[in-house]
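Take a look at the letters that make up each chain.
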Amino acid sequence: MKGSYCFKTKWVLGLFMLFTAAMLQGCSMTAKEDVIDEVELTDTVRWFNTSCALLTEMNRWDYNFFGGAKNTQENQKQAQKILDQWWGVTDRESADSTLDWVLKEGHRGNFVNIMQTLENDGMGDLALEGRPAFLAEQYSLDEKNSQLYAQWYGMYEEYGAGAIDGWDCCRAMSLPGYYYLAGYYTKEEALDKSLEIAGMVQSEYGSWDELMDSYLRGYEFWSEESSDKRREVYEKMKKKSKSPYELEFAMELEKTW
């Protein structure tokens, strides 16, 4: 149990923070002729962008660009640097393997392993108020982590093994755009992969709200903190004029490139 807890990492947060500063600088300081390639903002591409629009908004990027920023020479260098530092992605091979991990396992794999361990140890038979004490005694967790694990188990009970799948779905949707900016995927490869992943996402969820509810539960598991701030941003985004979430979630996605 302790090993599973220690496995949880925070490197993604560092990626987002550093990537934000780097990409914003690139967007504001590069000339038009520095643009390597551009992706037409069709409804299908807008759907791709919307699937990770909350993340884009939190990082002050622009969800009107595939990948969150212009594909410029400067942004390509920054994307390569950050992907190397925080994801261990340095080339096409490592890009593929990282995306494959997110699609097949991701953080939801660790979540399910932990919850199933708790379930097998009788967590579900305990009253809600007795669970933190059980966790503290059984797994030598401190008070904060005992409360967290009890909260996560509540998610598992209510939503099942797929409780936080949306977290990995949104991250998987964002990676092809990053790879496109870094030059590891061509435009067509990145868009083709996004279309493939988007089909999986549409088959699992019925609306943006369902997807984002799952994403926010996953954020709480990964970050070990409340998702209230991100929830607030999401609700505000939905009310904006020309909100990205005006797109129909179940729209037919077509290859438009």
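About the thresholds
- Residues numbered from 1 in each chain as written.
- Predicted model: local features only at pLDDT ≥ 70, side-chain atom pairs only at ≥ 80, totals over all residues.
- Heavy atoms only, no water.
- Helix = DSSP H or I, 4+ residues; strand = E, 2+ residues; numbered from the N terminus.
- Buried < 20%, exposed > 50% of the residue type's maximum accessible area, 1.4 Å probe, protein only.
- Contact = heavy atoms within 4.5 Å.
- Axes fitted to C-alpha atoms, helices over the stretch in contact; angles between N-to-C directions.
- Parallel < 35°, antiparallel > 145°, perpendicular 65-115°, else oblique.
- Left-handed = near helix turned anticlockwise from the far one by under 90°.
- Core = buried A, V, L, I, M, F, W, Y, C linked by side-chain atoms within 4.5 Å.
- 1 Å grid on protein atoms, 1.4 Å probe; cavity = no way out; pocket = protein on both sides within 12 Å on 5 of 7 lines; lining within 4 Å.
- Points joined across faces, edges and corners; volume = space filled by probe spheres on them.
- Nonpolar A, V, L, I, M, F, W, Y, C, P; charged D, E, K, R; others polar.
- pLDDT = per-residue confidence, 0-100.

## Observations concerning the environment of M251
Then step 1. Residue placement: M251 occurs in the segment after α13 (228-239).
Then step 2. By relative accessible area, which is 13% here, M251 ends up buried.
Then step 3. In the structure, M251 is positioned 207 residues away from T44 in sequence and 8.5 Å away in space, judged by C-alpha atoms.
Then step 4. Those residues within four positions of M251 in sequence are excluded, and the remaining contacts are D43, T44, W47 and Q202.

## Structural notes on the packing of helix α3 (residues 43-51) against helix α11 (residues 187-204)
Then step 1. Running from N to C, α3 and α11 point in directions that differ by 70°, and their axes come no closer than 10 Å. Between α3 and α11, the crossing angle belongs to the class labelled roughly perpendicular. The handedness of the crossing between α3 and α11 is left-handed. When α3 is examined against α11, the residues T44, V45, W47 and F48 are found in contact with a partner set consisting of L191, S194, L195, A198, V201 and Q202.

## Focus: the nonpolar core
Then step 1. Core analysis: the largest hydrophobic core is formed by 51 residues, its most contacted members being W47, L54, Y179, V201 and L211.
Then step 2. The set of elements that each furnish at least two residues to this core consists of α3, α4 (53-58), α5 (73-87), α6 (92-104), α10 (165-182), α11, α12 (208-223) and α13.
Then step 3. A total of 11 residues in this core trace back to one element, the largest contributor, which is α10.
Then step 4. In this structure, Y149, Y153, A163 and F221 belong to the second largest nonpolar core, which totals 20 residues.

## Thoughts on empty space enclosed by the protein
Then step 1. Tallied over the full model, the rule gives 1 cavity of 30 Å³ or more.
Then step 2. The computed volume of the largest cavity comes to approximately 120 Å³.
Then step 3. Around the largest cavity, the lining is made up of 15 residues, and of these N49, C52, G67, G68 and S174 lie nearest the centre.
Then step 4. Listing elements by their share of the lining of the largest cavity, those giving two or more residues are α3, α4 and α10.
Then step 5. Per element, the largest residue contribution to the lining of the largest cavity is 4 residues, and it comes from α10.
Then step 6. Its residues assigned to classes, the lining of the largest cavity shows 9 nonpolar, 6 polar and no charged.

## What about the confidence of the model for the protein chain?
Then step 1. When the pLDDT values of the protein chain are averaged, the result is 89; 87% of them are 70 or greater.
Then step 2. Of the regions scoring below 50 in pLDDT, residues 1-31 engages in 57 contacts with residues more than four places distant in sequence or in other chains.

## Here's the deal with the layout of surface pockets
Then step 1. Put simply, the second largest pocket is a space of about 150 Å³.
Then step 2. Lining the second largest pocket, in full, are V102, L103, R108, D165, D168, C169, A172, I197, M200, V201 and E204.
Then step 3. Elements represented by at least two residues in the lining of the second largest pocket include exactly α6, α10 and α11.
Then step 4. Here the residues of the lining of the second largest pocket sort into 7 nonpolar, no polar and 4 charged.

## Points about unusual backbone geometry
Then step 1. Despite not being glycine, E224 shows a phi value in the positive range, around 60°.
Then step 2. Mapped onto the fold, E224 is located in the loop between α12 and α13.
Then step 3. For K242, which is not a glycine, the phi torsion comes out positive at approximately 60°.

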